Amino acid sequence: MSMEASELQDLSDDADYAASQQQGSASMMRSDSGKRSSPSEHEDAELIYLKDNVAIHPTQFASERISGRLKLTKQDSVLFLSWIPYKGQTSNAKLSEKDRSLYTITAVPFTEVRSIRRHTPTLGWQYVIVVLSSGLAFPPLYFYNGGVREFLAIVKQHVFLARSSEDPNVFIVNDFQSPLQRTLSSLELPSSLPVASGQSVYPLDGGSSNENQGRTSADIGNRVSSVIQSGLRKHKSHDPTRDLSIHLLEKFSLVTKFARDTTTQLFSENNGFGSVDKRWNNQPVHSYPEKLSNITEEKHNEIRHSYSENDLLKDEEISNDIDVPADPLEFNKISLVWGKPRQPPMGHKEFTALLDSEGRVVESKALRERVFYGGIEHQLRREVWPFLLGYYAYDSTYAEREYLRSVKRMEYATLKQQWQSISPEQAKRFTKYRERKGLIDKDVVRTDRAFEYYEGDDNLHVNSMRDILLTYSFYNFDLGYCQGMSDYLSPILFVMDDESESFWCFVALMERLGPNFNRDQNGMHTQLFALSKLVELLDTPLHNYFKQNDCLNYFFCFRWILIQFKREFEYEKTMQLWEVMWTHYLSEHFHLYVCVAVLKRCRSKIMGEQMDFDTLLKFINELSGHIDLDSTVRDAEALCICAGENGAASIPPGTPPSLPLDDGTLYPQEDDVL
């Protein structure tokens, strides 16, 4: 059951809720809260506002909420926000006291708050989302007994609140005495970054909540830098948008200290994932040095591989004497390569040999294996990608696929007509349409524009991308459009070079990756949780290092997972990686093993230089363009095989890109406007 579905239920008889009515507040400070001076620690702090029974939902289940007390205090003319969970509630065994303390919000000054978003439905619970200047956001604070308007009214008495022109439910916090606030406002950082704590990622700039997710700090950078066989792309020796992106990252690194101080260890022993069975949290972790050594002996004649000479990851570049814990898989000493070596891309003749006389794929596993180990020649991708994405059935014939294309072309035209027929007068009364169209219009003109296929003014392919995304927002109105979707569509449109075919391939991809863009971000967090388990399984010392340095939430990998390394590789390399991952040959979640492979290649530098959260986030972003794809895929294959069943058991069922578990709703979303 989704959180949205549970909002309409009467929970007054819930034991957890009833207990919250009687509990007083308790000071349950986070372990790192000492890094910030709290006004509650000083006698001269003035209590401005207090509200009981304000809850946080660490999972999608209503019964697994954490109730507490919300406070506004003032000291030295600065307003602070705190939320302290009630102590001693044990009605739900899945939520320990440690879980509750992890979500504590301790004296956050409003000089570090960028915006507040309110949600006050006629039916259901009211809540607010507090977004920080750093781009991080706390999970929603639910007001069981109402009071959101009163809360905002009190805040407005002490700080300047300006209603967003794009969304009347968003209030921008302007503290003109804060240099940091002025600096961040002038930077106009991109729209989506990891959350400070809790289970959701939320918009930054006051735009419509769902539509403003998905952009990362490299929003407009690293578009194109290599030439592919088709000759449709030009090399850009100097891309000013990339320089701007690097500039933003440098500025962002200056404000991420607060991110570390407010980011909590969400994925520790009891992490609060309500949709995850207990066995996923308690999965035993093993190491495999003995298994690996046996494999190494068998493969000692394999050709070693490494990153390019200018790679940021080379161990010899580490200039310190820090004693780095040994890798249990000896990753930096041996070549973890087995199975078939990489092969040349599959050509048309080889693909045809895999089909019978009527066009059916004789053995889908053989096709997927061939693509996994070698990829596809660019000219052939238009025929093969629809199979990998699930648009074509492997057992379909030539005639059946031709009929499918004809039917789907008419269906696409019908869907497209839905928004094309909206008159200007109707659009004035259709807020959600205007918001989505405006966001799409902004996104498509900055997606891969350095790539020749999308270059120039009045580019027809840019217009096609806009039309496809608008049509998808009507096809899947619950999910709508989210920033980041254009990154997925761009290569698909380039390969298929047909609007209708691109649309249906995109639909098939979103069936698996749509949860990445859900408002509650549960799809993203289950993947980050699974990644943490895989790192713990395959490199316990590195996992422990992240734990000791407040990096256990793995938010620094957020961009990798959200758009599947789109910003980390050149355009052609991205397409090669995607088609490898779409095969699901070794695992549906091969992208997580790619994450582990890169982290393990970085482990000596990360631990040797004692990177904290801020430094690690900046370092990971700067890896863009410096990761060797072939080596990374081979390492990820080795790790996937080494992890075996234990690795598969570490990933909760339904984790994207697995098809969503059937719970009656594919994309439950709240609609604050309609």
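An unreviewed UniProt entry lists the protein under the name TBC1 domain family member 15, from Arabidopsis suecica. The record in UniProt for the protein states the following under Function (unreviewed entry): "Acts as a GTPase activating protein for RAB7A. Does not act on RAB4, RAB5 or RAB6."

Caption draft 1: Structural context of the environment of Arg117. Structurally, the position occupied by Arg117 is in strand 5 (residues 113–119). Taking relative accessible area as the criterion, Arg117 reaches 5% and is therefore assigned buried.

Caption draft 2: Up close: the sheet that holds strand 1 (residues 46–56). Strand order in the open sheet formed by nine strands is 4-3-2-1-7-6-5-9-8, and the pairing between neighbours is antiparallel. Of all strands in the sheet, those bounded by a partner on one side alone are strand 4 (105–109) and strand 8 (160–163). This sheet shows a mean twist of 30° between the axes of neighbouring strands, independent of strand direction. Relative to strand 9 (residues 170–174), strand 8 runs antiparallel, the two being bridged by four bridges. Residue pairing in the sheet places Phe160 in a bridge with Asn174 of strand 9.

Caption draft 3: How the structure looks around helix 25 (residues 629–649). Along its length, helix 25 shows its largest kink, about 90°, at Ala643. Most of helix 25 sits out of view: 15 of its 21 residues are buried.

Caption draft 4: Quick look at the side chain of Glu579. Locating Glu579 in the fold gives a position in helix 22 (residues 571–582). A distance of 2.9 Å separates a polar atom in the side chain of Glu579 from a polar atom in the side chain of Trp385. In this view, Glu579 contacts Val371, Gly375, Ile376, Arg381, Trp385 and Leu388; residues no more than four positions away in its chain are not counted.

Caption draft 5: Expanded view of the nonpolar core. Met485, Phe546, Phe556 and Leu599 are the most contacted members of the largest nonpolar core, which totals 116 residues. Considering each element in turn, this core owes the most residues, 12 residues, to helix 23 (residues 590–608). The contacts of Leu599, once residues within four sequence positions are left out, are Val535, Leu542, Phe546, Tyr554, Phe556, Cys557, Trp560, Ile606 and Ile620. Residues Tyr49, Val113, Ile154 and Val159 belong to the second largest nonpolar core, which totals 32 residues.

Caption draft 6: Molecular detail of the pattern of salt bridges. Inspection of the entire model under this criterion finds 29 salt bridges. One salt bridge in this structure joins Glu572 and Arg381, with 3.1 Å as the shortest N-O distance. Of this pair, Glu572 sits in helix 22 while Arg381 sits in helix 12 (residues 378–389), and the two are 191 residues apart along the sequence. Across this residue pair, the class does not change: Glu572 and Arg381 are buried. The partner of Arg405 in a salt bridge is Glu402, with the nearest N and O atoms 2.6 Å apart. On the criterion of helical spacing, the pair formed by Arg405 and Glu402 is a turn pair, its members being three residues apart in helix 13 (residues 398–420). Overall, the relative accessible area of 21% leaves Arg405 in the partly exposed class. What emerges from the salt-bridge pattern is a single network uniting Lys416, Arg466, Asp467 and Glu499.

What counts, and at which threshold
Residues numbered from 1 in each chain as written. Predicted model: local features only at pLDDT ≥ 70, side-chain atom pairs only at ≥ 80, totals over all residues. Heavy atoms only, no water. UniProt positions renumbered as here; feature names shortened; annotations may be inferred. Helix = DSSP H or I, 4+ residues; strand = E, 2+ residues; numbered from the N terminus. Buried < 20%, exposed > 50% of the residue type's maximum accessible area, 1.4 Å probe, protein only. Pairing = 2+ DSSP bridges. Axes fitted to C-alpha atoms, helices over the stretch in contact; angles between N-to-C directions. Bend = angle between axes of the 7 residues up to and from the residue. Polar contact = N/O pair within 3.5 Å; in protein donor to acceptor, adjacent residues only side chain to side chain. Contact = heavy atoms within 4.5 Å. Core = buried A, V, L, I, M, F, W, Y, C linked by side-chain atoms within 4.5 Å. Salt bridge = Lys/Arg side-chain N within 4 Å of Asp/Glu carboxyl O.

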